[in-house]
Amino acid sequence: MQKDERDLLEVLKFELQFLEDGGYGRSPRTPWRPQYIFEDSLTCMNYDSKENPGPCSDCVLMHLVPLGHRSEKIPCRHIPFNVSGETLDSLYRYSDQNEIEETVGDWLRATIQRLEEERAAARQAHSKRPTPGGGTLKGTPLYQKQHPKCANPACPTAFHWTGGGKFFRFRPDPVSAGGSNSTDDSPGGVHGVRHYWLCERCTHAFTLVYEEKYGVVLKVLLPELPATEAHKEVSAA
C-alpha cells in the first residue's frame with residue numbers, strides 16, 4: 001500500500017463531520033460492541049483494507065501521536081485530547097460512548113481551528129517574504145518522481161486523473177552552460193514540454209509561472225488581484 005499522502009487538516013474535518021453525523025452508531029455488522037473512534041471511521045487508511053492492512057506508521061494521524069507511543073499496536077488510541085492527557089486508550093477504560101464522542105469532538109474542533117490559524121499565518125508570512133525573482137518555491141514536474149504529485153513541493157497530494165486541480169504546460173528550461181537541457185533529461189520532457197499539476201486545494205492559494213532565471217516557480221495568489229491579472233499570470237503556460 002502506498003504511504004498515506006492525505007492532508008491532515010482535511011482528514012480531521014472529515015472525521016468531525018463523520019462524528020457529528022452519527023457515524024459511530026451501532027454497526028449492523030458488529031452490533032454487540034461500540035464503534036472505535038478512528039478505527040471504524042471512513043478516515044482510517046485501512047477502512048477498505050482490513051484483510052491486508054498497511055502499517056499504522058504510514059497513517060497521516062501519526063503526526064498527532066507522541067513519539068513514545070508510535071510503536072503501540074494501535075497508535076491513534078494514544079493521541080492526547082486535552083491538558084489532562086486523556087486519550088482513547090484511557091477513555092475506553094472509564095467513559096461511555098457519549099462522553100468519548102464529546103471529548104473527541106471538542107478536540108477535533110480545537111485542533112482544526114489551530115491548524116487553520118497556523119496555515120493562514122504561514123501563508124501570510126510566505127507571501128510577504130522576498131524571494132529571488134519574486135517567486136516562492138520551484139514547482140515539481142508531474143512525472144519527475146515515481147509517484148506523480150502536486151507541483152507544490154510542500155504538498156503531499158498524489159496525482160489522480162479524477163481528482164480535480166489544474167494542469168500547466170511549460171516549454172523547456174533555458175539550455176545550461178554545459179549545453180544540456182534539463183527538461184530532456186526527465187520523463188516529462190516529451191516533445192520539449194514539461195507538465196505540472198496543482199491539486200484542487202493548492203489552486204486556491206497558488207499558481208505556477210515561468211521565470212527565465214529560475215524556471216517554473218510557485219507564486220501566491222493574492223486575493224486583491226483582479227481576476228484578469230491573475231489570468232494573465234498563468235496564460236504563459
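In this text the structure is predicted, and so the values were computed from the model without any measurement.

Trainee: Break down the pattern of salt bridges for me, with residues and values.
Mentor: Taken as a whole and assessed by the stated rule, the structure comprises 8 salt bridges. The partner of R109 in a salt bridge is D106, and the shortest N-O contact between them spans 3.5 Å. With a gap of 3 residues between them, R109 and D106 both fall in helix α3 (residues 97-128), about one helical turn apart. On the accessibility criterion, D106 (45% relative accessible area) is partly exposed. Among the ionic pairs, E118 bridges to R114, the shortest N-O distance being 3.3 Å. Here the residue E118 and the residue R114 both occupy positions in helix α3, the gap between them amounting to 4 residues, near one helical turn. Residues participating in the shared-partner salt-bridge network are D7, R119 and R201.

Trainee: Residues and numbers for unusual backbone geometry, please.
Mentor: The residue F38 is not glycine, and still its phi comes out positive at about 70°. Locating F38 in the fold gives a position in the loop between α1 (8-20) and α2 (88-94).

Trainee: Talk me through the pairing of strand β3 (residues 206-211); I want residue IDs and the actual numbers.
Mentor: Counting buried positions along β3 gives 5 out of 6 residues, so the element sits mostly inside the fold. Two elements, β3 and strand β4 (residues 215-220), share 6 bridges in a ladder whose sense is antiparallel. When the sheet's bridge partners are listed, V209 is paired in β4 with V217. In this structure, the hairpin formed by β3 and β4 is closed by a connection of 3 residues.

Trainee: Help me get a handle on the packing of aromatic side chains, residues and values and all.
Mentor: How two aromatic rings sit relative to each other is given by the distance of their centres and the angle of their planes. For the structure shown, the criterion picks out 8 aromatic pairs. Between F38 and W107, the aromatic rings sit 6.4 Å apart at their centres with planes inclined by 80°, giving edge-to-face as the arrangement. With F38 in the loop between α1 and α2 and W107 in helix α3, the pair connects residues that are 69 residues apart, well separated along the chain. Residue classification places F38 among the buried residues on the basis of a relative accessible area of 3%. Take W107: its relative accessible area is 9%, and that puts it in the buried class. Here the aromatic rings of F170 and Y196 are separated by 5.6 Å at their centres, their planes lie at 85°, and the arrangement is edge-to-face. Placement of the pair is F170 in strand β1 (residues 166-170) and Y196 in strand β2 (residues 194-198), with a sequence separation of 26 residues. For the pair shown, F170 and Y196 are each scored as buried. Here the basic side chain of R77 rests over the ring of Y36, its NZ or CZ set 4.7 Å away from the ring centre.

Trainee: Got a sec to walk through the side chain of N46? Specific residues and values, please.
Mentor: Mapping N46 onto the fold places it in the loop between α1 and α2. On the basis of relative accessible area, N46 is assigned to the buried category, the value being 7%. There is a polar contact of 2.6 Å between the side chain of N46 and the backbone nitrogen of G54.

Trainee: Any details on the confidence of the model for the protein? Residues and values, ideally.
Mentor: Model confidence for the protein is summarised by a mean pLDDT of 77, while 73% of its residues fall at 70 or above. Mean pLDDT values for the elements of the protein range from 42 in helix α5 (residues 227-234) up to 95 in α2. Taken as a whole, residues 131-136 scores under 50 in pLDDT and shows 16 contacts with residues more than four places along the chain or in a different chain. Throughout residues 174-190 the model reports pLDDT below 50, and contacts reaching past four residues in sequence, or to other chains, amount to 20 contacts.

Analysis parameters
One numbering rule holds for all chains: residues counted from 1, following each sequence as written. With the structure being a predicted model, the display of local features is reserved for residues of pLDDT at least 70 and the display and counting of side-chain atom pairs for 80 or more, all residues being used for whole-chain, interface and lining totals. Heavy atoms from the whole structure form the basis of all side-chain values; hydrogens and water molecules are not counted. Here, a salt bridge means any side-chain nitrogen of Lys or Arg that lies within 4 Å of a carboxyl oxygen of Asp or Glu. By definition, any uninterrupted DSSP run of H or I lasting at least four residues is a helix, any uninterrupted run of E lasting at least two residues is a strand, and each is numbered from the N terminus. Relative accessibility decides the category of a residue: with a 1.4 Å probe and only protein chains considered, values under 20% of the type maximum give buried, values over 50% give exposed, and everything between is partly exposed. Note on pairing: DSSP must find at least two bridges between two strands before they are called paired. Each pair of aromatic rings taken from Phe, Tyr and Trp, with Trp reduced to its six-membered ring, is defined by centres within 6.5 Å and is described as stacked if the planes are under 30 degrees apart, edge-to-face if over 60, and tilted in the remaining cases. Lysine NZ or arginine CZ positioned within 6 Å of the ring centre and within 35 degrees of the ring normal marks a charge as sitting over the ring. Think of a polar contact as two N or O atoms within 3.5 Å of one another; within protein, one of them needs to be a possible hydrogen donor and the other a possible acceptor, and neighboring residues in sequence only count if both atoms come from side chains. What pLDDT conveys is the predictor's confidence in a given residue, as a value from 0 to 100. Residue contacts are defined here by distance: any two heavy atoms, one from each residue, within 4.5 Å place the two residues in contact.

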